[in-house]
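Coordinate analysis (summary)
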Amino acid sequence: MTGELAMTEPDQGPANPARRRVLAGFLTAYTASLVPWALAQPVAAPEHGAFMALSALLAGRRSLDAGLAARLFDALSAMYPHFTADARALLAQINQQHIDPAQLQSTLDGAHSPLAPLPRRIMRAWCLGLVGEGEATKCVAYENALNAVIVADVLKPPTYAYGEYGSWAKPPLAEGVNAS
Amino acid sequence: MSAPTSAEVVVIGSGICGSLAAWKLATRGKQVLILEAGPRIDRGRIVAAFRNSPRKSDWMSPYPFSAWAPQPEYKPKSNGYLVQAGPYPYPAEYIRVVGGTTWHWSALAWRLVPNDVRIKSLYGVGVDWPVTYDELDPWYQEAEEQLGVAGLPDTGSPRKHPFPLPPVAEPWAMQRIRERLAPTYTVVGNTVARNSRSYGGRPACVGNNSCQPICPVNAQYLGINAVEAAKAAGVKVVPNAVVYRIEHDAKGRITAVDYYDPDKTSHRVSGKQFILAANGIESPKLLLLSSSSKYPNGLANSSGMVGRNLMDHPSNSLTFYADEEMWLGRGPQSPDSINTLRDGAFRSQHAAYRLDFTNISQVLGVTEALIEEGVYGPAFDQQLRWRAARQLSVKTLLEVLPNPDNRITLSSDKDAMGIPKPEAHYSIDAYTRRGAQAAREDFAKIAALLGGTGLRYTPKGEFSNNQHITGTLGMGDDPTRFVTDRFGRAHDHENLFCCGTGVMPTSATMNSTLTGVALALRTADHMAPLKAQAASTDTTREAVSS
Ligand SMILES: Cc1cc2nc3c(=O)[nH]c(=O)nc-3n(C[C@H](O)[C@H](O)[C@H](O)COP(=O)(O)OP(=O)(O)OC[C@H]3O[C@@H](n4cnc5c(N)ncnc54)[C@H](O)[C@@H]3O)c2cc1C
Ligand code: SF4
């Protein structure tokens, strides 16, 4: 298996639309070993493959919302014309060099890689719901961005009611408030 | 429907101070018109705009900008409206819309402490106020009943009557902070204009944790509630009316004001009495703009003090991780403080301060930090939860002394309507800096008591601002030293009154709006006193809906 996505693509489009496209098909043995839980993650369209694989590696989540993934992909590829190609290149580099996600940013920064901004762009999209820089920034998600989802057992995103008056006086992880 | 061209009382600015003064005058039978520079806005749209905003930590981002009534904005880059003359930046924020800046306040509604109004006599610094704390008490009470203020019985500011509302339920995190800092520090619940039960036709708080920039449910009192109360009492409000000149007659009495509509058509409104309530920056700007051959330095300015003695509450802070899970972000944003450093003999040497614990959710800031650090993979999830649960922040609100060199002037730069922009001249003196230094020692003790790690102090000499614009229309008995008298009347103009935090002659350490409102109600009472037999504030207290 190589890092070439086109070659690992399990289902190339309309010829067999009923077949479910999953992330496993976009990963090499190395990357698959990093996110074994995400192998069955659905992938909406073939060009999303590298983005979804990077998303799984960077966010380290068991599953990623496929609908949000499609929205984020559309926003990122509209904002950055080379997004799809860059995502493929970065995934290939991770596969070839066996880069641990924990070391990814420092590795890219250290090498002054042109791909260095990419992980942050993907993480900002997933975790803050933001795509783009400075005045061009767009908000694509808020209450379903990962930073809200990760703490959803304890906090509501600001502007959403926490609960009935005074409920915040109780310990945050008391029974019934937090299942984890 | 054409806008009125005259009124008994013309109020400039529909913020909380102008609107409550207008409300009170209307309840005394006056025919009142409010001219407001900005547009009407809708709460639901502001909530939606916040949720869709790419800048969630910028409280201004959900609010509309109107070219005819510009407001200072700093993100993503400064719009240059409040011109900075230095040497220290003064990035004040305010909102020019119907209801004014309290749309995005956090509703801390503290009284001063009695010694705040006598710092010259007691500590040899600043100036004494022309009113005593006891004289303020009934007006504070009326303001608290109108706003629906919730507070603990003993917060260091004496009162003759109880708070209208019981204290707001204390978030768990604050309970833990209070317990862990005792007995070294006494942590108390803040006095807030936030409903701890339904009051004034508004519901109890449900803990949205977005008091800044917008309370979605109307549990926190805002200037727009004051506008609605004023309208219900018969006050007329004209939005999008940018007052650009105040006219006077040969005797110095104010006769009319002129305003532009968004098309820059000029309109004139005459009146018998006038209230200037456009806030601590726009009000002095308007006085300076209204210069004439009789008053070449601007109206109300024979003392030369209009716009001078600009004060606020600079903050330095410490952010750190506690050794237990606190989870800020549950309940209202600003629940607790340490109040004991607001007063003491040290005030002869350095600034007093209040220490304020934030309860703003830390999730946004922690997420940004983790992405910046490149923390990816399963560590992201773990770190986000670890840090968001433990990160705490405590900040000072430091007293600033009046200094005539700190001031608002007219810039040579003009806004889209051709009106000069305000220009801020500001510095932070050694008195305030020494206060900040003293507070760093408290920060260190607080962090130690909470098992703090990862301590991040504001760099020495750096301060953030709190938007408590005071001093620019300072009140005092001496017309050669102060702009307004003890009732907020301009010394130079018999029928011109100033309402707002700008009339406060010193800043003390407490968020200034409640004091501004109390003084505004007192001004309105002075303009239209009750008939002698009923002269008691209790009459208007009855008018409060609860
Ligand atoms: C983020 C933030 C949080 C805050 N939190 C607190 C807090 O917790 N507690 C506290 O005490 N204070 C707080 N403040 C400060 C508080 O908002 C102000 O003290 C308060 O709004 C002052 O009321 P005001 O009526 O004097 O002025 P404003 O509310 O500013 O209202 C002035 C009005 O005048 C209008 N106006 C201006 N120019 C003209 C003109 N030329 N013609 C006609 N109309 C004009 C404006 O459009 C505006 O509507 C906070 C401020 C900010 C920015
Ligand atoms: S916590 Fe929520 S409901 Fe309560 S005042 Fe703040 S924004 Fe309003």
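Residues numbered from 1 in each chain as written. Chains lettered and ligands numbered in written order. Predicted model: local features only at pLDDT ≥ 70, side-chain atom pairs only at ≥ 80, totals over all residues. Heavy atoms only, no water.

Digging into the overall build of chain A
Cut-off, in case you're wondering: By the criteria applied, helices consist of DSSP H or I runs no shorter than four residues and strands consist of E runs no shorter than two, each listed in order from the N terminus. Exposure categories follow from relative accessible area, calculated using a 1.4 Å probe and restricted to protein chains: below 20% of the type maximum is buried, above 50% is exposed, and the middle band is partly exposed. By definition in these notes, contact holds between two residues if any of their heavy atoms fall within 4.5 Å.
When its secondary structure is counted, chain A shows eight helices and two strands. Evaluated residue by residue, chain A yields a buried proportion of 51% over its 180 residues. Summarising the internal contacts of chain A: among those between residues at least 6 apart in sequence, 47% fall at separations of at least 24.

A short note on the packing of helix 4 (residues 133–147) of chain B against helix 11 (residues 513–527) of chain B
Residues and elements named next belong to chain B. The test is simple: Angular values range over 0 to 180 degrees, each being the angle between N-to-C directions of two axes fitted as lines to C-alpha atoms, with helices fitted over their stretch in contact. Note on terminology: angles under 35 degrees are roughly parallel, angles over 145 are roughly antiparallel, angles of 65 to 115 are roughly perpendicular, and the others are oblique. Under the convention adopted here, Pro, Cys and the residues Ala, Val, Leu, Ile, Met, Phe, Trp and Tyr are nonpolar, Asp, Glu, Lys and Arg are charged, and Gly plus all remaining residues are polar.
Contact geometry for helix 4 and helix 11: axes closest at 8 Å, N-to-C directions at 105°. Taken together, the axis directions place helix 4 and helix 11 in an arrangement best described as roughly perpendicular. Side by side, helix 4 and helix 11 meet where E135, L136, W139, Y140, E142, A143, E144 and L147 of the first sit next to L514, T515, V517, A518, L519, L521, R522 and D525 of the second. Of the residues in the contact of helix 4 with helix 11, the class split is ten nonpolar, one polar and five charged.

Re the environment of S512 of chain B
Residue and element names in this part refer to chain B. For S512, the position within the fold is in the loop between strand 16 (496–498) and helix 11. Taking the C-alpha atoms as reference, S512 lies 33 Å from P4; in sequence the two are 508 residues apart. Contact partners of S512, with chain neighbours within four places excluded, come to H313, H468, T470, T501 and M504.

Some details on the site of ligand 2
Residues and elements named next belong to chain B. Here is the rule: Here a residue is considered near a molecule or strand provided that any single heavy atom belonging to it is located within 4 Å of it. Throughout, the protein atoms alone are placed on a 1 Å grid, and a set of points is a cavity if a 1.4 Å probe fits but cannot get out or a pocket if it is open with protein on both sides within 12 Å along at least five of seven lines; lining residues have an atom within 4 Å of a point. Grid points define the cavity or pocket, and a molecule sits in it when more than half of its atoms lie within 2 Å of them.
In the vicinity of ligand 2 lie 14 residues, with R194, C205, N208, C211 and C215 positioned nearest. Among the cavities detected, the one that contains ligand 2 is the largest cavity. When grouped by side-chain class, the residues that make up the shell around ligand 2 number eight nonpolar, five polar and one charged.

Let's talk about the environment of W110 of chain B
All names here are of chain B. With respect to the helices, strands and loops of the structure, W110 is situated in the loop between strand 3 (83–87) and helix 3 (119–123). Take W110: its relative accessible area is 1%, and that puts it in the buried class. Each C-alpha atom, one on W110 and one on K77, is 33 Å from the other, the two residues being 33 residues apart in sequence.

Quick word on empty space enclosed by the protein
Counted only if it meets this: Grid points are joined across faces, edges and corners, and a volume is the space filled by probe spheres set on the points.
In the structure shown here, the tally under the stated rule is three cavities of 30 Å³ or more. Taken as a whole, the largest cavity spans an internal volume of roughly 70 Å³. Classifying every residue of the lining of the largest cavity by side-chain character gives seven nonpolar, five polar and one charged.

Let's talk about the confidence of the model for chain B
This is how the line gets drawn: The predictor attaches a confidence to each residue, and that confidence, scored 0 to 100, is pLDDT.
For chain B, mean pLDDT is 96; residues scoring 70 or higher make up 97% of the total. Taken together, the chains of this predicted complex give a pTM of 0.94 and an interface ipTM of 0.92.

Considerations on helix 1 (residues 16–27) of chain B
Going by this rule: In this scheme, a helix's expected span is set at 1.5 Å multiplied by one less than its residue total.
Between its terminal C-alpha atoms helix 1 of chain B stretches 16 Å, which fits the 16 Å expected from twelve residues at 1.5 Å a residue. In terms of burial, helix 1 of chain B is largely enclosed, as eleven of its twelve residues are buried.

A look at the interface of chain A and chain B
Using the following cut-off: Here the quantity called buried area is the total loss of accessible area, with a 1.4 Å probe, experienced by two parts when brought into contact, counted for both. Any carboxyl oxygen of Asp or Glu that lies within 4 Å of a side-chain nitrogen of Lys or Arg is treated as forming a salt bridge with it. Side-chain atoms alone can form a polar contact between residues adjacent in sequence; in general such a contact is a pair of N or O atoms within 3.5 Å, and within protein one must be able to donate a hydrogen while the other accepts it.
Every contact between the two is made by 46 residues of chain A and, on the other side, 50 residues of chain B. A combined buried area of about 3,800 Å² lies between chain A and chain B, and 64% of that area is made up of carbon and sulfur atoms. For chain A, the biggest contributors to the area lost against chain B are T159, Y165 and W168 of chain A; these three give 21% of the whole. Its salt-bridge partner being E135 of chain A, residue K77 of chain B comes within 3.1 Å of it at the nearest N-O pair. At the junction of chain A and chain B, the tally comes to 22 residue pairs in polar contact (both at pLDDT 80 or more). Elements with a contribution of two residues or more to the side of chain A that touches chain B: helix 3 (49–59), helix 6 (101–110), helix 7 (117–128), strand 2 (138–139) and helix 8 (146–150) of chain A. If you tally residues by element for the side of chain A that touches chain B, the top one is helix 7 of chain A, at six residues.

Observations regarding the sheet that holds strand 13 (residues 407–414) of chain B
Residue and element names in this part refer to chain B. What counts, and what does not: DSSP bridges decide pairing: two strands pair if at least two such bridges lie between them.
Spatially, three strands are ordered 3-14-13 in an open sheet, and the strand pairing comes out mixed. Pairing within the sheet leaves two strands with one partner each, and these edge strands are strand 3 and strand 13. In this sheet, adjacent strand axes meet at a mean angle of 30° when their direction is disregarded. Where strand 13 and strand 14 (residues 420–426) come together, five bridges link them in antiparallel fashion.

Observations concerning the sheet that holds strand 12 (residues 391–398) of chain B
Residue and element names in this part refer to chain B. Taken together, six strands build an open sheet; the order of strands is 4-10-11-12-9-15 and the sheet is antiparallel. The sheet terminates laterally at strand 4 (187–189) and strand 15 (453–457), the two strands that pair on one side only. Each strand axis lies, on average, 25° off the axis of its neighbour in the sheet, ignoring direction. Across three bridges, strand 10 (residues 336–338) lies against strand 11 (residues 353–357) in antiparallel orientation. The residue bridging D336 from the neighbouring strand is F357, located in strand 11.

Observations regarding the confidence of the model for chain A
Residue and element names in this part refer to chain A. Model confidence for chain A is summarised by a mean pLDDT of 87, while 86% of its residues fall at 70 or above. Counting interchain partners and residues more than four positions distant, the pLDDT-below-50 stretch residues 1–18 has 27 contacts. This stretch, residues 175–180, has a pLDDT under 50; its non-local contacts, to residues over four places away or in other chains, come to nine contacts.

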